[in-house]
Amino acid sequence: MEAIDKVRAKRKVVRSASTKFVNKVKSFLENFDEQNETNQEQLFEYLLNLDAKQIVLQTPNKEVENLLSDEELFKAEIEGSLEYQENINEVKYKIKNKINKKNLSQLAVNFKDANESYVRTNNLALSLNLPKLQIPNFSGDSSTYLEFINCSTNVIDANESLNNVDKFIYLKSFLSGEAPKIVSGFALTEDNYKSCLNLLKDRYGRQNHLISCFMNKLLVIEPVKSSFNLKGLRKLHDESEISIRNLYSMGVASGNYVHLLIPILLKQLPHDLVVEFHRQKYSKNIGDVKELMKFIKFEIESRESANTRAFTENPRKL
């Protein structure tokens, strides 16, 4: 038996198993009860399995194609492979139409976990036990745009098993508030997925807009009047750190905004800490925003350590 015959025989078994499973799912869909929660869960399982079937089919298809030299036979093989893929995609589309929109966000996460686990272990069951990533909803708050777009890019956009229509459906399911209005006029097509991403970026992800947003976040942080208010200092430090890290992630050098950031942060600090910072600034030549954040963190941790020690030595008095 030639090599190509062996590969075709193996593929025949895989295709036969896939066809039986597709027919099983079709039968299930014909008798589907939307009010039955068990049926809803079964939809997720079938969708994951169909996605895995497509992955398994890709290997023997490529092996056969690589062994063919005749152009006509090659075209025939491609057409045959596409028929199987289209048959599976048709059933997947029907399943997605039946899945409640509220479950789409969790489904997108399951897809990524399941696909990666299946490729690594060839055991779909293991994927269902993996920790599930969470994609935050985006409501139109520009300060959360970077977090949202980074998560959706890694979970949805990087998933090669999904076509752009699938990605578009999942992306829209994570939009809330005013954000869905921006893309409400887009039909579910391959090209419109990228157009939707570009429109969201143009509306919420422009660099100048994001810089202004994070600068404003720093301006509205609640000032701390007393250096003994450790809870307030912690909150001030953490909220400032988020905005500053986002500015750095966009490639904004601290030097460009140092004349703005340092005065803004110092204005929120207790007077005695401001005096201490200026003392260290001139003695140690400190002038960078990162150094200011280190200073604030050090002062907080020093006071926390002092309080812990005082409580240990004399708990009744405290």
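Residues numbered from 1 in each chain as written. Predicted model: local features only at pLDDT ≥ 70, side-chain atom pairs only at ≥ 80, totals over all residues. Heavy atoms only, no water.

Describing the overall build of the protein
Now for step 1: Helix and strand counts for the protein stand at 14 helices and zero strands.
Now for step 2: For the protein, the sequential pattern of α-helices and β-strands runs α-α-α-α-α-α-α-α-α-α-α-α-α-α.
Now for step 3: Split into buried and exposed, the 318 residues of the protein put 41% on the buried side.
Now for step 4: Restricting to contacts in the protein with at least 6 residues of sequence separation, those with at least 24 account for 70%. (Helix = DSSP H or I, 4+ residues; strand = E, 2+ residues; numbered from the N terminus. Buried < 20%, exposed > 50% of the residue type's maximum accessible area, 1.4 Å probe, protein only. Contact = heavy atoms within 4.5 Å.)

A few points about the confidence of the model for the protein
Now for step 1: In the predicted model, the protein carries a mean pLDDT of 78, and 80% of its residues have values of at least 70.
Now for step 2: Counting contacts from residues 118-130, a segment whose pLDDT is below 50, to residues more than four positions away or on other chains yields 20 contacts. (pLDDT = per-residue confidence, 0-100.)

Some words on the nonpolar core
As a rule of thumb, nonpolar side chains are buried together in soluble globular proteins.
Now for step 1: Ranked by internal contacts, the top residues of the largest apolar core, which has 49 residues, are F148, L292 and I296.
Now for step 2: Put simply, the parts of the chain that give this core at least two residues each are helix 6 (145-157), helix 7 (164-173), helix 9 (190-204), helix 10 (207-219), helix 11 (230-249), helix 12 (254-268), helix 13 (271-284) and helix 14 (289-313).
Now for step 3: For L292, the contacting residues outside a window of four places in its chain are I262, L265, L266 and F277.
Now for step 4: Grouped together as the second largest cluster of nonpolar side chains are 14 residues, F21, V22, F28 and L29 included. (Core = buried A, V, L, I, M, F, W, Y, C linked by side-chain atoms within 4.5 Å.)

Section: the side chain of N246
Now for step 1: Its place among the elements puts N246 in helix 11.
Now for step 2: Among the polar contacts made by the side chain of N246, one reaches the main-chain carbonyl oxygen of I242 at a distance of 2.9 Å.
Now for step 3: With sequence-adjacent residues up to four places away left out, N246 is seen in contact with L146 and F214. (Polar contact = N/O pair within 3.5 Å; in protein donor to acceptor, adjacent residues only side chain to side chain.)

A closer look at the packing of aromatic side chains
Now for step 1: As enumerated under the stated definition, the model contains seven aromatic pairs in all.
Now for step 2: For the pair F138 and Y145, a centre-to-centre distance of 5.9 Å together with 70° between the ring planes defines the contact as edge-to-face.
Now for step 3: Classification of F138 as buried rests on a relative accessible area of 0%.
Now for step 4: Note on Y145: relative accessible area 5%, which makes it buried. (Phe/Tyr/Trp six-rings, centres within 6.5 Å; stacked < 30°, edge-to-face > 60°.)

Observations concerning the pattern of salt bridges
Two side chains carrying opposite charge are able to pair once their charged atoms lie near each other.
Now for step 1: Across all of its chains, the model carries 10 salt bridges by this definition.
Now for step 2: R245 is paired through a salt bridge with E241; the nearest N and O atoms lie 3.0 Å apart. Here R245 and its partner E241 are both found in helix 11, four residues apart, which amounts to about one turn of the helix.
Now for step 3: Bridged by salt links that share partners, the residues D272, E299 and R303 form one connected network. (Salt bridge = Lys/Arg side-chain N within 4 Å of Asp/Glu carboxyl O.)

Some points on the packing of helix 10 against helix 11
Angle between the axes and distance between the axes: these two values describe a pair of packed helices.
Now for step 1: At their nearest, the axes of helix 10 and helix 11 sit 9 Å apart, and the two run at 160° to each other. With respect to their mutual orientation, helix 10 and helix 11 come out roughly antiparallel. Between helix 10 and helix 11 lies a crossing of left-handed hand. Every residue of helix 11 that contacts helix 10 at I211, F214, M215, K217 and L218 is listed here: S240, S243, N246 and L247.
Now for step 2: Taken together, the residues of the contact of helix 10 with helix 11 break down into five nonpolar, three polar and one charged. (Axes fitted to C-alpha atoms, helices over the stretch in contact; angles between N-to-C directions. Parallel < 35°, antiparallel > 145°, perpendicular 65-115°, else oblique. Left-handed = near helix turned anticlockwise from the far one by under 90°. Nonpolar A, V, L, I, M, F, W, Y, C, P; charged D, E, K, R; others polar.)

What to know about helix 10
Now for step 1: Here helix 10 is 13 residues long and its end C-alpha atoms lie 18 Å apart, about the 18 Å a rise of 1.5 Å per residue gives.
Now for step 2: For helix 10, the set of buried residues is L210, I211, C213, F214, M215 and L218. (Expected span 1.5 Å × (residues − 1).)

Details of the side chain of R11
Now for step 1: With respect to the helices and strands, the residue R11 is situated in helix 1 (residues 3-30).
Now for step 2: Once you skip the residues sitting within four places of it in the chain, R11 turns out to touch P60, N61, V64, E77 and S81.

Some words on the packing of helix 1 against helix 3 (residues 71-98)
Now for step 1: Here helix 1 crosses helix 3 at 25°, and the two axes come no closer than 11 Å. In terms of orientation, helix 1 lies roughly parallel with respect to helix 3. Helix 3 is crossed by helix 1, and the crossing has left-handed handedness. Contacts between helix 1 and helix 3 involve R8, R11, R15, T19, V22, V25, K26 and L29 from the first element and E77, G80, S81, Y84, N87, I88, V91, K94, I95 and K98 from the second.
Now for step 2: For the contact of helix 1 with helix 3, the residue count by class is seven nonpolar, four polar and seven charged.

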